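# Commentary on secondary and tertiary structure
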Amino acid sequence: MILGYSAAQVRAAEASLLAAGPPAELMERAAFALAVRVARELRQRRGRVAGAGVLVLVGPGNNGGDALFAGAELARRGVRVLAVLTSSSVHDAGLAALRAAGGRVVRAVDDLPDGAVPVDDLPDGAVPDDDVPDFALPDGAATGPRWVGPVLAGVESADVVLDGLLGIGARGPVRGVAAEVVALVAGLVDAANAEPGRPLVVAVDTPSGIDVDDGALPGPAAAPDPVALFGPGVLPADLTVTFGAAKAGLLLPPASGVVGMIDVVDLGLDLAGVVPVVARLERSDVAGLWPVPGSSSHKYDRGVLGVVAGTPRYPGAAVLTVTAAVRAGVGMVRYVGPPGVTATVVAARPEVVAGYGRVQAWVVGPGVDPLDPPQAAHVRDALVAAHAARLPVVVDAGALDLLPDRVDPWVVLTPHAGELARLLAERGEIVERGDVEAHPLTWARRAHALTGATVLLKGATTVVVGAGGAAYSQQDAPAWLATAGAGDVLAGLLGALLAGRSDEVVADPTLAVALAAAAASVHGLAAGRARPGGPVAALDVADALPATIAALLAVGDWRA
Ligand SMILES: NC(=O)C1=CN([C@@H]2O[C@H](COP(=O)(O)OP(=O)(O)OC[C@H]3O[C@@H](n4cnc5c(N)ncnc54)[C@H](O)[C@@H]3O)[C@@H](O)[C@H]2O)[C@@H](O)CC1
Ligand SMILES: [K+]
């Protein structure tokens, strides 16, 4: 499990460590681990470390210090290191170490006196700034500052770009010349995306400028003009090497989309007893949560799932939901719906039993139009019956519009951002889809507070919140999974899990939160497994569930 902490929690844990030893020691350890990680990447890309090029973007604080010390260590290993300083004052000892190791430095600062040359030293192949037009300048930057040329040349010759502009001390989006550097480098890296020589971007502790606590990204409105040329005001990383503990913002969308792989460097922080902001299940955690039948199990104690899904207009949603539940290993599915859809469902999944009966959990809503009277009535009946019998329920799609004001914490809502915004707006909140996308954790928590339900907010990164403040963020799905019917599969899969552990979920509703996160994880893994690297249809995902679950259970922390 990866645990994500707030900047304040990490600083508090660091404080006791800093009190115990010389202050520079932590930074040296962080920087050394970072350099080792970058060296490993360089070796993988080029076969050897010496002779590689690394461009280091340096901000005013200790994050820049980490980057400078790492640059120094890499320079000692024969790497051509060019540091771009974005502030007139940077970490002194780090800068001295880099220079002593043979690293070179470009100053990209706004406040140079007229006529001053911003370049302490130039990268191989770079030319003095008078000749900047020799480089392919992006539109609008042709008349830009003199540091642009050397930075362009630095990116061009870099195997790795280290983003050490801002870390947990960032307040708001990157400002000033550092923002211009981010814009320029992000634009260049993006333009080189399809090329084999594109540099790898490694974020030092965090991609600079993200909200390290809630994962918000700087908005375009906050960006100065040059940034508008390239967009988001953040340099998307391929790898984030984070120190002491993962920061919550790395795990939370939308920032989770720009952190790449996460590597946590152990600094010996004592976080025992500190409740993380958010957690991410790894495969072994998911395996541990999965209900596995014992030798004496029968279909009833493995969980019977009631499903109210589909209408004559959307029969496919019912097929996908029940298929996913069956494929996920539920003991039995009871399907409730109109005769025509029932016939389609039973034809597709002969294991399904039609009509009401005893169940351990419900899924209601996939493919249900809340204005379709018979199915809407079945959804309401199921919600009432589940409340009376204390049974978990997955409330998806059309059933979200039929939700009572308050529900039990073992009721799991599965909205996407637009549906969550609507659900909140109906409860008096002033919020639109874009607000939910910008601050998903905040709004998911709000929905939990208002309804009492566990809330699984679907997206490229899925956020789940619920009882006791538990929060998870899962990012296991390929982008191909954004396809019609994928949500129906998730609902059926989650229903199977809740049916399999129904009593435990009701006894401890925080388990509903963990199981919802596990379902999101398996859903993403199955999509990747169904069609590695290519387009995937919802039914493919459902069909890939048995093999995905088998692999999880067989090896625990198995890597695909
Ligand atoms: N505290 C510790 O014990 C350790 C900290 N480490 C590093 O130290 C970092 C935190 O260092 P700092 O507290 O110095 O903070 P940062 O280096 O993240 O940034 C603080 C500096 O940036 C400026 N700044 C803040 N927001 C800005 C913005 N939006 N635009 C432009 N400038 C802005 C501030 O004025 C300040 O000078 C961590 O992220 C990590 O990289 C590591 O060395 C490990 C140990
Ligand atoms: K950074």
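Bear in mind the structure is a predicted one, so any value in this text is a computation, not a measurement. Position labels on residues start from 1 in each chain and follow its written sequence. By the order in which they are written, chains take letters starting at A while ligands take numbers starting at 1. Totals for whole chains, interfaces and linings use every residue, but because this is a predicted model, local features are given only for residues with pLDDT of at least 70 and side-chain atom pairs only at 80 or more, for both listing and counting.

### Details of the site of ligand 1
We apply this condition: Residue proximity rests on one test: whether the C-beta atom, placed from the backbone, lies within 6 Å of the molecule or strand. What counts as a helix is a DSSP run of H or I of at least four residues, what counts as a strand is a run of E of at least two, and both are numbered from the N terminus. Gly is put with the polar residues, along with every residue not named as nonpolar or charged; the nonpolar set is Ala, Val, Leu, Ile, Met, Phe, Trp, Tyr, Cys and Pro, and the charged set is Asp, Glu, Lys and Arg.
Around ligand 1, 27 residues are found, and the nearest of them are Gly61, Asn62, Asn63, Gly167 and Gly169. Going through the elements one at a time, helix H1 (7–20), helix H2 (23–46), helix H3 (62–76) and helix H6 (176–191) are the ones with two or more residues in the shell around ligand 1. With four residues, the top contributor of residues to the shell around ligand 1 is H3. Here the shell around ligand 1 is built from residues that sort into 13 nonpolar, nine polar and five charged.

### Things to note about the sheet that holds strand S7 (residues 239–243)
Quick reminder of the rule: Two strands are said to pair when DSSP picks up at least two bridges between them. Lines fitted to C-alpha atoms define the axes here, with helix axes fitted over just the stretch in contact, and angles between the N-to-C directions of these axes take values from 0 to 180 degrees. With C-beta atoms placed from the backbone, a contact is any residue pair whose C-beta atoms sit within 7 Å.
One open sheet holds the seven strands; their spatial order is S4-S3-S2-S5-S6-S7-S9, and the pairing between them is parallel. Every interior strand has two partners, whereas the edge strands, strand S4 (104–107) and strand S9 (261–265), have only one. The sheet shows a mean angle of 20° between the axes of neighbouring strands, taken without regard to direction. Here strand S6 (residues 200–204) pairs with S7 via three bridges, running parallel. Along S7, the bridge assignment pairs Val202 with Leu239. Those strands touched by H3 are strand S2 (53–58), strand S3 (80–85), strand S5 (160–164) and S6, and its axis lies near 160° from that of S2.

### Focus: the pairing of S7
Under the convention used in this document: Buried means a residue has 20 or more other C-beta atoms within 10 Å of its own C-beta, exposed means 12 or fewer, and partly exposed covers the counts in between; C-beta atoms are placed from the backbone.
Of all five residues making up S7, four are buried, and the element is well covered by its neighbours. For S7 and S9, the ladder comprises five bridges, and the chain directions are parallel. By the bridge assignment, Val241 is partnered in S9 with Asp263.

### Brief notes about the UniProt feature "binding site: AMP" (unreviewed entry) in the protein
The test is simple: UniProt positions are given in the numbering used here, feature names are shortened, and annotations may be inferred rather than shown by experiment.
Sites flagged by UniProt as "binding site: AMP" (unreviewed entry) map to Lys458, Gly459, Ala460, Thr461, Thr462 and Gly487. Across 30 residues, the annotated set stays spatially compact, with a maximum C-alpha separation of 13.7 Å. Within the secondary structure, Lys458 is located in the loop between strand S17 (454–457) and strand S18 (462–465). Apart from the residues within four sequence positions on either side, Lys458 is in contact with Thr414, Pro415, His416 and Gly487. By the secondary structure assignment, Gly459 is in the loop between S17 and S18. According to the C-beta neighbour criterion, Gly459 is buried, with 22 such atoms within 10 Å. Once you skip the residues sitting within four places of it in the chain, Gly459 turns out to touch Pro253, His416, Ala417 and Pro440.

### Quick look at the UniProt feature "binding site: K(+)" (unreviewed entry) in the protein
Following the UniProt record, the feature "binding site: K(+)" (unreviewed entry) maps to Asn63, Asp163 and Ser208 here. Spatially, the listed residues are clustered: although they cover 146 residues, their C-alpha atoms lie within 9.2 Å of one another. Mapped onto the fold, Asp163 is located in strand S5. The class of Asp163 is buried, set by 32 C-beta atoms lying within 10 Å. With sequence-adjacent residues up to four places away left out, Asp163 is seen in contact with Leu57, Val201, Val202, Ala203, Val204, Pro207, Ser208, Leu235 and Ala237. Relative to the helices and strands, Ser208 resides in the loop between S6 and helix H7 (225–230). Not counting the four nearest positions on each side in its chain, Ser208 is found in contact with Gly59, Asp163, Leu165, Leu166, Ala170, Val174, Val182, Val234 and Leu235.

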